[in-house]
Amino acid sequence: MSTFATSTDQSAPVSETSGRRSWWIPGAAVALGVAFLFGAMIGPAGPAWHQVPGEILDRLPFVSFDSGATALQSTVLWQIRMPRVVLAAIVGAMLALAGASYQGVFRNPLVDPYLLGVAAGAGLGATIVIVVNRSATDSWPVDPLPVVSFVGGLLAVLVTYTVGSAFGASRVPATLVLAGVAVTALATAMQTFLLQRNTEVVRQVYSWILGRLSTATWADVRLVLPYVVVSSVVLLWHRRLLDVLRVGDDEAAALGARVDRIRLTVVIAATLGTSAVVSVSGLIGFVGIMVPHLVRMLAGASYRRLLPLSVLVGAAFLIVADIPGRILSDPAETPIGVVTAFLGAPFFIVVLRTRQGALR
Amino acid sequence: MSSVSFVDLGVRYGDNVALQPFSDTIKPGEWLCLIGPNGAGKSSMLHAVAGLVRHDGRVLVDGSPLDLRSSRRRAALVAHVPQSPVLPHDMTGFEYVLLGRNPYVSYFGSETAHDRAIVRDVLERLDLGAFAERRLGTLSGGEQQRLVIARALAQEAPILLLDEPTSALDIGHQQQALELVDRLRREHGFTVLSAMHDLTLAGLYSDRLALLHRGHCVAAGAAESVLRAETLSEFYGVTVSVHRDTDGTVIVVPRRTMPLA
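Residues numbered from 1 in each chain as written. Chains lettered and ligands numbered in written order. Predicted model: local features only at pLDDT ≥ 70, side-chain atom pairs only at ≥ 80, totals over all residues.

**Digging into the overall build of chain B**
Part 1 of the argument: Each helix and strand in chain B was counted, giving 9 helices and 12 strands.
Part 2 of the argument: By principal-axis analysis of the C-alpha atoms, chain B measures approximately 60 × 45 × 35 Å.
Part 3 of the argument: A buried classification covers 44% of the 261 residues belonging to chain B.
Part 4 of the argument: Within chain B, contacts between residues separated by at least 24 positions form 66% of all contacts whose residues are at least 6 apart in sequence. (Helix = DSSP H or I, 4+ residues; strand = E, 2+ residues; numbered from the N terminus. Buried ≥ 20, exposed ≤ 12 C-beta atoms within 10 Å, placed from the backbone. Contact = placed C-beta atoms within 7 Å.)

In structure tokens:
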């Protein structure tokens, strides 16, 4: 009784995902391993590049290996190079993961932690803490700096979202970006105002804004790691639900998803992680938009693959992006934010061009 | 098979009443079609049943209130095919239909092999196997519409809500889509509530029509009692002639008011 047109070529057995795609995660993990090793091999002083794999082997439990490096070279590797490489990996992974999550939860391909105003809000929060007097809080059990910068980042993204949706961001994605620009400008202006009135802390605030990736220690890694782990676990848990949100709020709700709760949870988790890494790395733009788009082009747009792959590729990307800064250190080091912007700004324009249809 | 009852179901947007209190019962396996001019309240009623807008009154499924259930339990009872579905252009057909399994997956869980088997089965039954790996953006309007219906089927809900399921399709694909729903409803005993603009197709496929006008239900019953030239003229402001085919099909044909030269 079916009047349905049935052609033979349509009755092929259903395959759900081609085998090709399942190699993306191991592939990205290998790329991260290579980037990590490469990052550890490069740098002044320290052991020669060929001694580095041996040094790493020696550190593994139950393995003893003489790399031929002196004790001093070994210290340079483990106390100067390694924290920097590890911190770059953590920051890159977090920014890319947060960017992909924001893009999913706002259903907007253009947003990243910077364009949403998160970074500027976090910066304002940090400035307030420093101005109010940093030393008075030294004895506190919990450092208020990351906490207040998190609150600042969260407030900024909520204002951006509220203002953006009030002016039709669901129909015109660029509206959300424009709202983010306004929030960023306001937060930056308030920060500048505070600094003008408290010139004695300018140095301290600027070293925060520019980050301290170049002077990274294991203490910095320990400072951000708890926030990044909590944030990443929560975000990765939501990867299936971010796929459900791709059909829009109404349809996701009709499919039984609690859209508002998902959106709030993801925004809080992504903002927590972003604020934490911004507090050690400074303002590094474009990673959150560049890496997820690159992954989408290669491995498809499903958030189930996109989120874990963004973690791996983001980590590898920032380790590599940090290398020019370490080589081109004469007369002064190239800040990593300069390197990512150099790559990211043209990339953003390419995204605008290829996604034009989706932006109307 | 499930029955759906409406007890004084009403929808308001602020001061604007979209649907006046509406009471009716759709029997298990029955197809009720809402007709009426734009803004009559058809979509509002479907949205109320799908849980997308706040409403007054009650919707009962097999006698128990739908609005007291969790959003996931509700989605396991009622599948909604929206008027203009969002089709992420880079999502594959399989990924899209798999979304229909969301009501059965816990918040942090993921789909089981059983869920995937159901999706494969639905795709094969609707002859959509070839589109499992294709991206939605590369498919035609008719193919996309069938995938939307496939997603609703993967929900395994006994109640199907169709909001203008054929408005974007040509006459051939309109017939295909409605034949598909009709076949599935007979095979699986779905209870169907739809909203449609094409009056002839509405009368042809549904068991019963309800004519809404400015939120009021002004006529309800079989096609031949609702689709009358004077009724349609009163509520649509249209001049039509209504014919009956030899098999009982009611055919509504618009008339030109200027005489044909």
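**A few points about the overall build of chain A**
Part 1 of the argument: The helix and strand inventory of chain A stands at 15 helices and 0 strands.
Part 2 of the argument: Counting only residues that meet the buried cut, chain A has 46% of its 360 residues in that class.
Part 3 of the argument: Look at the contacts in chain A between residues 6 or more apart in sequence, and 77% of them connect residues 24 or more apart.

**What to know about the sheet that holds strand β3 (residues 31-35) of chain B**
Residues and elements named next belong to chain B.
Part 1 of the argument: Reading across from one edge, β6-β7-β8-β3-β9-β10 is the order of the 6 strands in this open sheet, with mixed pairing throughout. What marks the edges here is a single partner per strand, and that holds for β6 (78-81) and β10 (216-221). Neighbour-to-neighbour, the strand axes of the sheet open up by a mean angle of 15°, direction not taken into account.
Part 2 of the argument: Bridge count between β6 and strand β7 (residues 159-163): 4 bridges; the pairing is parallel. Residue pairing across strands places V78 opposite I159, the latter belonging to β7. (Pairing = 2+ DSSP bridges. Axes fitted to C-alpha atoms, helices over the stretch in contact; angles between N-to-C directions.)

**Details of helix α13 (residues 303-327) of chain A**
Residues and elements named next belong to chain A.
Part 1 of the argument: Look at α13: 36 Å from first C-alpha to last across 25 residues, which is about the 36 Å you get at 1.5 Å a residue.
Part 2 of the argument: If you look at α13, its biggest bend is around 30°, right at S310.
Part 3 of the argument: Most of α13 is tucked away: 20 of the 25 residues are buried. (Expected span 1.5 Å × (residues − 1). Bend = angle between axes of the 7 residues up to and from the residue.)

**Digging into the nonpolar core**
Part 1 of the argument: Counting residues in each nonpolar core, the largest one holds 176 residues, and the members touching the most others are A89(A), I90(A), V277(A), V97(B) and L161(B).
Part 2 of the argument: In terms of residue count, helix α3 (residues 71-105) of chain A provides more of this core than any other element does, 18 residues in total. (Core = buried A, V, L, I, M, F, W, Y, C linked by C-beta atoms within 7 Å.)

**Examining the pairing of strand β2 (residues 16-26) of chain B**
Part 1 of the argument: With 7 bridges joining them, strand β1 (residues 4-13) of chain B and β2(B) adopt antiparallel strand pairing. When the sheet's bridge partners are listed, L9(B) is paired in β2(B) with F22(B).

**Structural notes on the confidence of the model for chain B**
Part 1 of the argument: Confidence along chain B averages 91 in pLDDT terms, with 99% of residues attaining 70 or more.
Part 2 of the argument: Quick note on the complex model: pTM equals 0.86, ipTM equals 0.88. (pLDDT = per-residue confidence, 0-100.)

**Some points on the pairing of β1(B)**
Residues and elements named next belong to chain B.
Part 1 of the argument: Taken together, β1 and the strand that follows it, β2, pair antiparallel across an intervening segment of 2 residues, in which G14 is found at a positive phi of about 65°.
Part 2 of the argument: Where β1 meets strand β4 (residues 56-61), 5 bridges bridge the pair, whose relative direction is antiparallel. Bridging from a neighbouring strand, F6 pairs with V59 of β4.

**A word on unusual backbone geometry**
Residues and elements named next belong to chain B.
Part 1 of the argument: Of note in this structure, E156 is not a glycine but carries a positive phi near 50°.
Part 2 of the argument: Structurally, the position occupied by E156 is in the loop between α5 (141-154) and β7.
Part 3 of the argument: With a phi angle near 45°, E164 is a residue other than glycine that sits in the positive phi range.
Part 4 of the argument: Examined against the element boundaries, E164 turns out to sit in the loop between β7 and α6 (171-188).

**Digging into the sheet that holds β4(B)**
Residue and element names in this part refer to chain B.
Part 1 of the argument: Read from one edge to the other, the open sheet built from 4 strands follows the order β2-β1-β4-β5, with strand pairing classed as antiparallel. Each edge of the open sheet is held by one strand with a lone partner, namely β2 and β5 (64-65).
Part 2 of the argument: The sheet strands contacting helix α1 (residues 42-50) are β1, β2 and β4, and the helix crosses β1 at an angle near 115°.

**So, the packing of α5(B) against α6(B)**
All names here are of chain B.
Part 1 of the argument: Relative to each other, α5 and α6 sit at 15°, their axes nearing to 10 Å. As judged from the angle between their axes, α5 and α6 are roughly parallel. Once α5 is placed against α6, the crossing between them reads as right-handed. The segment α5 lies against α6, with G142, Q145, R146, I149 and L153 engaging H173, Q176, A177, L180, V181 and L184.
Part 2 of the argument: Looking at the contact of α5 with α6 residue by residue, the class counts come to 6 nonpolar, 4 polar and 1 charged. (Parallel < 35°, antiparallel > 145°, perpendicular 65-115°, else oblique. Left-handed = near helix turned anticlockwise from the far one by under 90°. Nonpolar A, V, L, I, M, F, W, Y, C, P; charged D, E, K, R; others polar.)

**Concerning the packing of helix α5 (residues 144-166) of chain A against helix α6 (residues 174-197) of chain A**
Residues and elements named next belong to chain A.
Part 1 of the argument: Closest axis-to-axis distance for the α5/α6 pair is 8 Å, and the angle between their directions is 135°. Judged by the angle between their axes, α5 and α6 are oblique. As α5 packs across α6, the resulting crossing turns out to be right-handed. Counting all contacts with α5, which are made through A156, V159, T160, V163 and G164, the residues of α6 involved are T175, L176, A179, G180, V183 and A187.

**Concerning the environment of V131(A)**
Residue and element names in this part refer to chain A.
Part 1 of the argument: In this structure, V131 sits in helix α4 (residues 118-133).
Part 2 of the argument: Residue V131 is classed as partly exposed on the basis of its 17 C-beta neighbours within 10 Å.
Part 3 of the argument: Among residues more than four places away in sequence, those in contact with V131 are L194, N198 and V201.

**Focus: the environment of Y303(A)**
Part 1 of the argument: Examined against the element boundaries, Y303(A) turns out to sit in helix α13.
Part 2 of the argument: Distance in space between the C-alpha atoms of Y303(A) and P292(A) is 9.8 Å, their sequence separation being 11 residues.

**Details of the environment of L236(A)**
Residues and elements named next belong to chain A.
Part 1 of the argument: Positionally, L236 belongs in helix α8 (residues 218-237).
Part 2 of the argument: Overall, L236 belongs to the partly exposed group, with 18 C-beta atoms counted inside 10 Å.
Part 3 of the argument: In this structure the C-alpha to C-alpha distance between L236 and L97, which are 139 residues apart in sequence, comes to 8.5 Å.
Part 4 of the argument: Setting aside its immediate chain neighbours within four residues, L236 contacts L307 and P308.

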